Amino acid sequence: MTHDHASSGEASPPGTGPLTWPTGFRAYTGHGGLRAHGDDISVVVSDRPAVSAAVFTQSLFAGPAVVLSRTHAAGQRLRAVTTLAQNANVATGRQGHENAAEVVRRVAAIAQVPDDEILIGSTGVIGRPLPMDTIRAHFDTAAAPGLAAFTAAPLDVARAMMTTDTRPKTAERTVGQARIVGVAKGVGMLEPNMATMLAYLVTDAELPPADLDMALRTAVDRTFNCLSVDTDTSTSDTVTVIANGAAGPVDPAAFAAALADLCLDLTLQLARDGEGATKLLRVTVTGGRDHTQAKRIAKSVVNSPLVKTAVHGADPNWGRVVMAIGKNTDDTDIVPGNVTVRFGDVEVYPEEPAPGTLDTLAAIMRQPQVDIGITLGIADGEATVYGCDLSAGYVRVNADYTS
């Protein structure tokens, strides 16, 4: 855990009080009829012009929200983000695109910002049109008080974004005199390439757009893009950071480190809350040809249903790990004799544990976090990826998702 070194520009952990937005940001949540009960629409907006960066899903079926947001994000001046929960508005034809654009127009009027400075996220069931009648009625009511209705806290927004999540996900870091606050959702259909997950990061730090973009992409590559729950890349995934400069300039390197730390915090929260998850699974690969290979091998292990079920059952079956490594048949520089595998700090391959060590391994596998370490013995490439076990609960959640 880091400690508060605000004067030196290092990241600090969340404070002890209720989480609030950085200077110049405010938010709104409300019930728009996307789900039966509870808030399902949220808006976060900066009171002043801002710079921004964003990354999106690579899915060929990217939803209208992503298509529209990519266009708006290209200007690097986003000031607001709105989210519709429980309906992804994907595979809904031309009407789906028109509906997304209408939502943005309505939010723009309420938040008093231009349409093209708004990012829209939509998450939930694929293939169903948005219930525009109830959404319009909601916005007509919400528009009456205007920005005076923007009194929601980060935790309120995180709750309003949830679909099958069991708990809201928030994080906070400080850098210099500035703060970074993040909210996220997602527990299934998680295999970011940049992946269903949404994460919004807002800060009152002042940075040039190029530095902000580099900080976000570097952080995403090492955190959200190292997360997998079920290997399925969503159609709607979005990560954005908005910086309004209200707290003044910060050191770009210190900001990048704080942003990466915050993104890792959210990544671990997402992994621990994976659909049906009972354990966090962390796989670290060292000694790879490069980072790309190490990450690919680690993902192969964390995504293996046989590895994930072994973790769920606290079964130290290292044969499944070497299987998951070995199926990467294009990686011909991986030589089995040079590979080592560890559960926790106990080596299980190639030196097979003594019979008495099996109890130690079973105890390691029963922990709420299971660490698997792999050394490839090629060069110095390394990567750590995050996931969860595979339980009957995952099947139940997804078998009954739309019914």
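Refer to the structure printed above.
These remarks concern the structure in this document. Predicted model only: the values in this text are computed from it and were never measured.

Below, the discussion takes up the overall build of the protein. If you tally the helices and strands in the protein, you get eleven helices and 14 strands. The 403 residues of the protein split such that 55% are buried. As displayed, the protein has an accessible area near 16,000 Å², and 53% of this comes from carbon and sulfur atoms.

A few words on helix α5 (residues 209–222). Relative to the 20 Å expected for 14 residues at 1.5 Å per residue, α5 spans 20 Å between its end C-alpha atoms, a close match to the ideal helical length. Looking at the buried side of α5, the elements it contacts are β3 (51–56), β8 (198–203), β9 (238–243) and α6 (252–272).

With that settled, consider the packing of aromatic side chains. Per the stated rule, a full pass over the model turns up one aromatic pair. Ring centres 5.7 Å apart and planes at 35 degrees place the aromatic pair Tyr28 and Phe150 in the tilted group. Of this pair, Tyr28 sits in strand β1 (residues 25–30) while Phe150 sits in the loop between α3 (132–142) and α4 (154–160); the two residues are 122 residues apart in sequence, bridging distant segments of the chain. The class for Tyr28 is buried, based on a relative accessible area of 11%.

Bringing the packing of helix α1 (residues 64–73) against helix α2 (residues 93–111) into the picture now. Axis separation between α1 and α2 bottoms out at 8 Å; the angle between their running directions is 55 degrees. The angle between α1 and α2 falls in the class oblique. Handedness of the α1/α2 crossing: right-handed. Along the contact surface, α1 presents Pro64, Ala65, Val67, Leu68 and His72, while α2 presents Gly96, His97, Ala100, Ala101 and Val104. Looking at side-chain class alone, the contact of α1 with α2 contains seven nonpolar, three polar and no charged residues.

Bringing the pairing of β3 into the picture now. Counting buried positions along β3 gives five out of six residues, so the element sits mostly inside the fold. Alignment of β3 against β9, held across six bridges, turns out to be antiparallel. Its bridge partner lying in β9, Val55 is registered against Val239.

With that settled, consider the pattern of salt bridges. Under the defined criterion, the tally for this structure stands at 19 salt bridges. Put simply, Arg77 and Glu117 hold a salt bridge, and the shortest N to O gap is 3.7 Å. Highlighted residues: Arg77 in the loop between α1 and β4 (80–87) and Glu117 in the loop between α2 and β5 (118–125), separated in sequence by 40 residues. According to the relative accessible area criterion, Glu117 is buried, its value standing at 13%. Here Asp331 makes a salt bridge to Arg289, at a shortest N to O gap of 3.6 Å. Taken together, the residues Asp331 in the loop between α9 (318–326) and β11 (340–343) and Arg289 in the loop between β10 (280–288) and α7 (291–302) connect sequence positions 42 residues apart. Overall, Arg289 belongs to the partly exposed group, its relative accessible area being 38%. Several salt bridges share partner residues, and in doing so they unite Glu102, Arg106, Asp133, Arg136 and Asp140 into one network.

A separate point is α2. Its 19 residues place the ends of α2 28 Å apart at the C-alpha level, agreeing with the 27 Å of an ideal helix rising 1.5 Å per residue. Every buried residue belonging to α2 is among Gly96, Asn99, Ala100, Glu102, Val103, Val104, Val107, Ala108, Ile110 and Ala111, and all of these are buried. On its buried side, α2 packs onto β2 (41–46), α1, β4, β5 and α3. Of the residues trailing α2, Gln112 is marked for its positive phi of about 60 degrees.

Before going further, it helps to spend a moment on unusual backbone geometry. Of all residues except glycine, most have a negative phi; of all peptide bonds, most are trans. Going from Tyr349 to Pro350, the amide bond is cis rather than trans, its omega being 5 degrees. Structurally, the position occupied by Pro350 is in the loop between β12 (346–349) and α10 (357–365). At Gln112, a position not held by glycine, the phi torsion is positive, near 60 degrees. The exposed category is assigned to Gln112, whose relative accessible area is 55%. For Ala314, which is not a glycine, the phi torsion comes out positive at approximately 55 degrees. Take Ala314: it is sitting in the loop between α8 (305–312) and α9.

Moving on to the sheet that holds strand β13 (residues 369–375). Ordered in space as β12-β11-β13-β10-β14, the five strands form an open sheet in which the pairing is mixed. Two strands bound the open sheet, and with one partner strand each, they are β12 and β14 (381–388). Taken pair by pair, the neighbouring strands of this sheet meet at an average axis angle of 20 degrees, ignoring direction. Pairing geometry for β11 and β13, over four bridges, is antiparallel. Opposite Val341, over in β13, you have Ile374 as the bridge partner. Those strands touched by α9 are β11, β12 and β13, and its axis lies near 135 degrees from that of β11.

About the thresholds
- In every chain, residue numbers begin from 1 and rise along the written sequence.
- Note on the predicted model: pLDDT of at least 70 is required for a residue's local features to be given, and 80 or more for side-chain atom pairs to be given and counted; whole-chain, interface and lining totals, by contrast, use all residues.
- The side-chain values count all of the structure's non-hydrogen atoms but skip hydrogen atoms and water molecules.
- Counting from the N terminus, the helices are the DSSP runs of H or I reaching at least four residues and the strands are the DSSP runs of E reaching at least two.
- With a 1.4 Å probe rolled over the protein chains alone, any residue whose accessible area is under 20% of its type maximum counts as buried; one over 50% counts as exposed, and the rest are partly exposed.
- To be clear on the numbers: accessible area is Shrake-Rupley with a 1.4 Å probe, and residue cover counts the displayed protein chains and nothing else.
- A helix is expected to reach a length of 1.5 Å times the quantity of its residues less one.
- What makes two residues a contact is simply this: any of their non-hydrogen atoms within 4.5 Å.
- The criterion for an aromatic pair is that two Phe, Tyr or Trp rings (for Trp, the six-membered ring) have centres within 6.5 Å, with stacked assigned to planes under 30 degrees apart, edge-to-face to planes over 60 apart and tilted to the rest.
- For helices, the fitted line uses only the C-alpha atoms of the stretch in contact; every axis is such a line through C-alpha atoms, and the angle between N-to-C directions lies from 0 to 180 degrees.
- An angle below 35 degrees is treated as roughly parallel, one above 145 as roughly antiparallel, one from 65 to 115 as roughly perpendicular, and anything else as oblique.
- Crossing handedness: left-handed means the near helix sits turned counterclockwise from the far one by under a right angle, and right-handed means the same turn made clockwise.
- Three classes are used: nonpolar for Ala, Val, Leu, Ile, Met, Phe, Trp, Tyr, Cys and Pro, charged for Asp, Glu, Lys and Arg, and polar for all others, with Gly counted as polar.
- Here, any two strands with at least 2 DSSP bridges between them count as paired.
- The term salt bridge refers to a side-chain nitrogen of Lys or Arg lying within 4 Å of a carboxyl oxygen of Asp or Glu.

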